[in-house]
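Here are the chains, one letter per residue:
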Amino acid sequence: MLKMPERERAVGMYKDMYLIRQYEETIYYLFLEGIMPGTIHQSHGQEACAVGMIYDLRKEDYILTTHRPAGHDLAKGVSLRSMMCEMFGKAEGCCKGKGGAMHTGDISVGAVTANAIVGGNLPIAAGVALRCKMKKTDNVAVCFFGDGASNEGAFHEALNAAAVWKLPVVYVCENNLYSATTSIKLTCNLKNVAADRGAAYGIPSEVVDGNDVLAVNEAASRAIERARAGEGPTILELKTYRIGGHSRNDACGYRPEEEEKEWFSRDPVRSFRKRLLEENVIGEEELVRIEEGIEAEIEAEVEYAKNSRDPEPESALRDVYWEGGNA
């Protein structure tokens, strides 16, 4: 077990994880009640992956995410208000109401708009990292993808290019054992579907407990520092588990009960909360106040989003093509 960091840092990580958990639980029920349009792919159970990887990134660093982007975007600093407005299709949404749950992001904080094509963001991440290298900055790109994406051609093409050009990118596989509703064991013979493939491209890799925010953060620090130093890409495979289904209408009937029971007992948010209390990092009363504050903030942003303005119809014709401006 890794040593608990100093209080402010430890509590900060817990706040971020709790915010992600409560945000996603809130929008889940809003969707079920028919109050919110569209659909969602949640990251319940994967909060430690997002927070551990992103906590020490700079604003100028980039993340590239998937059809399950909310946790990554909130951890990177996309505002809660703009995220909630986007869920309601409002003009103040982070993508002006055009993206919805699978296409959130805010380039001003380094969150490249999420890509819902499985594996589609991996070559884009290589391109973002190439830009950082050509601009001679020490910024990095962190690219998230699921276990299923490791079987896509884009995975192999992107990793090969990143390795050859020694690009400052960290490829992060959130291996939750299932590609949508299919066990990864049925589609790949490797134990570690991303990490074990790194050797083919000369990329160092590491397998990490994705439900331990401190373990993820420690591995992230090494990989990010390596990228900043010009030593090229790293693959991190984070072993984790979805608490919910692939999407909001997935009842998870394909998952064994014993498997679910084992993984649910390792809930990253509850586990870290328990450890904070056991090691006297923070008291129960103060922790409850923090949690209640986050819950109240989310409720307030739901009401704000409900009552904010809708996009103008003509806005559908904007941002379709590049209309000029600063390069």
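Above this text sits the structure in question.
### A closer look at the nonpolar core
Among the nonpolar cores identified, the biggest contains 66 residues, and Tyr 23, Met 53, Met 84 and Phe 272 are the most heavily contacted of them. Counting residues per element, this core draws most heavily on helix H1 (residues 7-32), at 12 residues. Here Met 84 is in contact with Tyr 23, Ile 27, Met 36, Ile 298, Glu 301, Val 302 and Ala 305, once residues within four sequence places are set aside. By size, the runner-up hydrophobic cluster in this structure holds 28 residues, among which are Ala 163, Leu 167, Cys 188 and Ile 203.

### Here we look at the packing of helix H4 (residues 80-87) against helix H10 (residues 284-307)
Axis separation between H4 and H10 bottoms out at 9 Å; the angle between their running directions is 45°. Classified by the angle between their axes, H4 and H10 sit oblique to one another. When the axes of H4 and H10 are compared, the crossing they make is right-handed. Along its contact with H4, which presents Leu 80, Arg 81, Met 84 and Cys 85, the element H10 presents Glu 297, Ile 298, Glu 301, Val 302, Tyr 304 and Ala 305. Its residues placed into classes, the contact of H4 with H10 shows seven nonpolar, no polar and three charged.

### Some thoughts on the pattern of salt bridges
Scanning the entire structure with this criterion turns up 23 salt bridges. With its nearest N and O atoms 3.1 Å apart, the salt bridge here joins Arg 21 to Asp 267. On the criterion of sequence distance, the pair formed by Arg 21 in helix H1 and Asp 267 in the loop between helix H8 (257-264) and helix H9 (268-278) is long-range, its members being 246 residues apart. A residue is classified by how much of its surface remains accessible, and Arg 21, at 7% relative accessible area, is buried. Given a relative accessible area of 6%, Asp 267 falls into the buried group. Among the ionic pairs, Glu 231 bridges to Arg 226, the shortest N-O distance being 3.9 Å. Judged by relative accessible area, which is 42%, Glu 231 ranks as partly exposed. Residue Arg 226 is classed as partly exposed on the basis of its relative accessible area, which comes to 22%.

### Section: the pairing of strand S3 (residues 141-146)
Summarising burial for S3: five of the six residues are buried, a large majority. Note: strand S1 (residues 62-64) against S3, three bridges, orientation parallel. Among the inter-strand pairings, Leu 64 is bridged to a residue of S3, identified as Cys 143. Of the strand pairs in this sheet, S3 and strand S4 (residues 169-175) are connected by six bridges, and their pairing is parallel. In the strand pairing of S4, Val 142 is matched with Val 170. Of the crossover connections in this fold, the one passing from S3 over helix H6 (residues 153-164) to the parallel S4 is right-handed.

Parameters at a glance
- Residues numbered from 1 in each chain as written.
- Predicted model: local features only at pLDDT ≥ 70, side-chain atom pairs only at ≥ 80, totals over all residues.
- Heavy atoms only, no water.
- Core = buried A, V, L, I, M, F, W, Y, C linked by side-chain atoms within 4.5 Å.
- Buried < 20%, exposed > 50% of the residue type's maximum accessible area, 1.4 Å probe, protein only.
- Helix = DSSP H or I, 4+ residues; strand = E, 2+ residues; numbered from the N terminus.
- Contact = heavy atoms within 4.5 Å.
- Axes fitted to C-alpha atoms, helices over the stretch in contact; angles between N-to-C directions.
- Parallel < 35°, antiparallel > 145°, perpendicular 65-115°, else oblique.
- Left-handed = near helix turned anticlockwise from the far one by under 90°.
- Nonpolar A, V, L, I, M, F, W, Y, C, P; charged D, E, K, R; others polar.
- Salt bridge = Lys/Arg side-chain N within 4 Å of Asp/Glu carboxyl O.
- Pairing = 2+ DSSP bridges.
- Right-handed = clockwise from strand over helix to strand, strands pointing away.

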